[in-house]
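Breakdown of the fold
Residue-level listing of the chains:
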Amino acid sequence: MAGEEKGGKIPRTTEFEFMGPIGSVLMLVSLPLTVYYLYFACQPESCSVFDLPQVTFDLSDYLDRDAVLIFIGWMLFQTLLYLAPIGTETEGVVLRNGTRLIYKINAFYVVIISFAMFGLGVYYDYPLHVLYDKYLQLATTAIIFSYLLSLYLYIKAAMGPPSAIAPRGNSGYFVYDFFMGHELNPRIGKFDLKYFCELRPGLIGWALLNFGMVLKIYERGEQPTAAILLVCFFQAVYVVDALWHEKSILTTMDIVHDGFGFMLVFGDLAWVPFTYSLQARYLVDHPVHLSNLAVAAIIGLKLLGFMIFRGSNSQKDAFRRNPNDPALKHLKSIPTQAGSRLLVSGWWGMVRHPNYLGDILMAISWSLPCGFNSILPWFYPLYFIVLLIHREWRDSHECKKKYGQDWDHYCSLVKYRIVPYVY
Ligand code: NDP
């Protein structure tokens with residue numbers, strides 16, 4: 001066993017997540033169907049869960065050459081920027097074999113360059129409202145690409161060294177390992193596929209899709225409302241902030257523990273851009289006029305959420321990098337048998353996942369501009385609350401395994417999981 005832990009063969013996955021192979025099949029089908037449902041249910045004529053979505057059966061409505069070219073062009077553009085000699089490099093966490101991978105840090109420059117290119121496109125009157133017009137075709141291209149890339153990743157892992165396999169995606173069931181990710185850190189030379197997809201094409205693409213929605217309004221000769229401008233601004237800030245803190249992703253569950261399979265590929269490239277942009281798409285056809293007071297209240301909620309989200313993520317990040325940092329000496333922490341200490345004051349003494357609380361508050365502030373006429377633009381916060389509750393269970397389970405009784409002690413000191421005095 002010890003030999004397995006240090007490198008060589010990775011043990012079989014025996015503990016299943018997402019209801020095992022059957023759950024994986026359900027996810028493989030239901031996740032893309034959800035993207036389509038949200039598209040067809042939210043249309044200019046109607047955006048309601050109570051109306052039957054008007055689905056088209058004409059294949060050319062789903063896929064066309066322009067959308068494929070835009071998608072491939074975008075992926076190539078992002079790849080070139082990733083590989084460009086700008087930015088720095090940093091090391092990832094220690095792997096099972098004792099080594100560390102080197103990662104490129106240049107995503108902040110990439111988002112600035114991407115936004116600037118988009119701005120140039122607007123300046124030169126390039127018809128970027130195509131992002132609205134070809135939304136369905138672009139989403140379909142991203143979905144097909146996700147299946148193909150996941151298949152490639154599975155085959156690559158199966159033919160690669162056994163030591164590269166992801167412990168969570170090594171069940172021997174094709175469908176489960178395809179979904180969870182069979183290889184932990186798939187790379188082509190120095191190009192890290194998971195790290196690349198996690199923060200760049202999908203996240204930046206989401207912000208640009210939103211901008212494309214605003215351009216559609218101008219193309220119609222109308223003026224955008226404060227509501228859609230708020231949504232686009234808030235979400236662009238979220239994207240830029242994530243890319244500014246690119247390094248922090250190297251210690252997240254996705255990079256450290258999860259393999260790169262359909263769950264993350266589809267999540268990064270299809271789910272994030274094409275479901276998270278629903279609020280902006282809704283507001284193109286269903287404008288909402290907010291009072292000044294409403295605008296101020298929504299901005300206040302966004303700022304509160306951002307303060308909790310950024311404050312807690314940065315506090316933990318700084319503590320994990322250097323627990324003896326003089327700037328953190330006012331914080332209390334408890335020792336654990338596993339070696340690392342757990343914070344019990346500051347943000348992490350308030351609830352066990354203050355970063356999730358901040359994220360949820362921001363998510364609500366992104367849907368408030370859409371008003372309450374339809375529940376569909378509230379999809380993101382509703383889904384996100386479920387996702388983060390599930391993620392908190394997963395993380396708590398992992399922490400219990402890692403810290404044992406020390407985790408129980410921490411939980412007795414910090415009683416609430418996400419919302420103080422509520423949950
Ligand atoms: P977290 O950043 O919450 O990290 C959890 C880890 O932190 C634990 O496994 C543990 O790891 C460490 N930890 C837990 N409690 C303490 C403590 N008291 N003191 C010190 N360390 C502690 O993980 P996530 O990756 O889930 O979240 C990162 C961010 O990404 C969040 O803000 C989340 O909201 C966001 N997110 C956004 C998504 C989106 O689609 N928009 C999707 C998922 C996440 P260890 O002790 O081993 O260091």
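What counts and how
Residues numbered from 1 in each chain as written. Predicted model: local features only at pLDDT ≥ 70, side-chain atom pairs only at ≥ 80, totals over all residues. Heavy atoms only, no water. Helix = DSSP H or I, 4+ residues; strand = E, 2+ residues; numbered from the N terminus. Rg over C-alpha atoms; globule rule 2.2 N^0.38 Å. Buried < 20%, exposed > 50% of the residue type's maximum accessible area, 1.4 Å probe, protein only. Contact = heavy atoms within 4.5 Å. Areas by Shrake-Rupley, 256 points an atom, 1.4 Å probe, with all protein chains shown as cover. Lys, Arg positive; Asp, Glu negative; His and termini not counted. Charge placed at Lys NZ, Arg CZ, Asp CG, Glu CD. Expected span 1.5 Å × (residues − 1). Patch = residues over 30% accessible without salt bridge, like charges linked within 9 Å, V, L, I, M, F, W, Y side chains within 5 Å. Salt bridge = Lys/Arg side-chain N within 4 Å of Asp/Glu carboxyl O. Disulfide = S-S within 2.5 Å. Phe/Tyr/Trp six-rings, centres within 6.5 Å; stacked < 30°, edge-to-face > 60°. Lys NZ or Arg CZ within 6 Å of the ring centre and 35° of its normal. Polar contact = N/O pair within 3.5 Å; in protein donor to acceptor, adjacent residues only side chain to side chain. Near = heavy atom within 4 Å. Nonpolar A, V, L, I, M, F, W, Y, C, P; charged D, E, K, R; others polar. Axes fitted to C-alpha atoms, helices over the stretch in contact; angles between N-to-C directions. Parallel < 35°, antiparallel > 145°, perpendicular 65-115°, else oblique. Left-handed = near helix turned anticlockwise from the far one by under 90°.

As for the overall build of the protein chain
On a plain count of helices and strands, the protein chain comes out with 19 helices and 6 strands. At 22 Å, the protein chain has a C-alpha radius of gyration in line with the 22 Å of a compact globule built from 423 residues. Dimensions of the protein chain along its principal axes, counting C-alpha atoms only, are 65 × 50 × 45 Å. Out of the 423 residues belonging to the protein chain, those deemed buried represent 52%. Residue pairs at least 24 apart in sequence account for 78% of intrachain contacts in the protein chain once pairs closer than 6 positions are excluded. A total accessible area of about 20,300 Å² is found for the protein chain, and carbon and sulfur atoms account for 66% of it. For the protein chain, the separation between the mean place of its 34 positive charges and that of its 34 negative charges on side chains is 10 Å.

Remarks on helix α17 (residues 354-367)
Residues spaced three or four apart along an α-helix point in a common direction, a consequence of the helix completing one turn every 3.6 residues. Over its 14 residues, α17 runs 21 Å from end to end, which matches the ideal 20 Å to within 8%, given 1.5 Å per residue. Judged by how many residues are buried, α17 sits mostly within the fold: 13 of 14 residues are covered.

Points about a nonpolar patch on the surface
Together, Tyr 37, Val 49, Phe 50, Ile 375 and Leu 382 make up an exposed nonpolar region whose accessible area comes to about 510 Å². Looking at the element boundaries, Val 49 is found in the loop between α2 (20-41) and α3 (59-62).

Details of the pattern of salt bridges
Summed over the entire model, instances satisfying the criterion amount to 20 salt bridges. Arg 394 serves as the salt-bridge partner of Glu 17, at 2.4 Å between the closest nitrogen and oxygen. With Glu 17 in the loop between α1 (2-6) and α2 and Arg 394 in helix α18 (residues 379-403), this residue pair connects regions lying 377 residues apart in the sequence. For Lys 401, the salt bridge goes to Glu 398, with nearest N and O atoms at 3.8 Å.

As for the state of the cysteines
Under the criterion given, the structure shown has 1 disulfide. What pairs with Cys 42 in a disulfide is Cys 47, and their sulfur atoms sit 2.2 Å apart. The sign of the S-S torsion, about -100°, decides the handedness of the disulfide formed by Cys 42 and Cys 47: left-handed. No difference in accessibility class separates Cys 42 from Cys 47, as the two residues are buried. Here Cys 370 stays unpaired: no disulfide links it, and the sulfur of Cys 42, its closest cysteine neighbor, is 8.7 Å away. By relative accessible area, Cys 370 is classed as buried at 1%.

A short note on the packing of aromatic side chains
Throughout the structure, instances matching the rule amount to 42 aromatic pairs. Where Tyr 276 meets Tyr 383, the ring centres are 6.3 Å apart and the plane angle is 55°; that geometry is what we call tilted. Taken together, the residues span a long stretch of sequence, with Tyr 276 in helix α13 (residues 262-276) and Tyr 383 in helix α18 at a distance of 107 residues. Ring geometry for Tyr 416 and Tyr 421: centres 5.4 Å apart, planes at 55°, overall tilted. Exposure remark for Tyr 421: the relative accessible area of 71% places this residue in the exposed category. For Arg 281, the ring lying beneath its charged end belongs to Tyr 135, and the centroid distance is 4.9 Å.

Details of the side chain of Asp 64
Inspection of the secondary structure puts Asp 64 in the loop between α3 and α4 (65-83). A polar contact is formed between the side chain of Asp 64 and the side chain of Lys 134, at a distance of 2.5 Å. The residues touching Asp 64, leaving out its near neighbours within four places in the chain, are Lys 134 and Gln 137.

Observations concerning the site of the ligand
Inspection of the region around the ligand gives 23 residues, with Arg 320, Tyr 356, Asp 359, Lys 402 and Tyr 403 positioned closest. For the ligand, a nitrogen atom lies 3.1 Å from a polar atom in the side chain of Tyr 238. Arg 320 is positioned with one of its side-chain polar atoms (N or O) 2.6 Å from an oxygen atom of the ligand. For the ligand, whose accessible area on its own is 930 Å², the fraction buried by protein is 83%. Those elements giving two or more residues to the shell around the ligand turn out to be α15 (292-321), β6 (342-343), α17 and α18. Broken down by element, the residue count for the shell around the ligand peaks at 8 residues, all from α18. The residue makeup of the shell around the ligand, split by class, is 13 nonpolar, 4 polar and 6 charged.

Some thoughts on the side chain of Gln 137
Mapping Gln 137 onto the fold places it in helix α7 (residues 135-159). Judged by its relative accessible area of 10%, Gln 137 falls in the buried class.

Things to note about the packing of helix α10 (residues 201-219) against helix α11 (residues 226-244)
Two numbers describe how α10 lies on α11: the axes approach to 9 Å, and their chain directions differ by 160°. Classed by the angle they form, the pair α10 and α11 counts as roughly antiparallel. Relative to α11, α10 is oriented so that their crossing is left-handed. Contact residues: α10 offers Leu 203, Ile 204, Trp 206, Ala 207, Asn 210, Phe 211, Met 213, Val 214 and Ile 217, while α11 offers Ile 228, Leu 229, Cys 232, Gln 235, Ala 236, Tyr 238, Val 239, Ala 242 and Leu 243. Each residue belonging to the contact of α10 with α11 can be placed in one class, and the counts come to 16 nonpolar, 2 polar and no charged.

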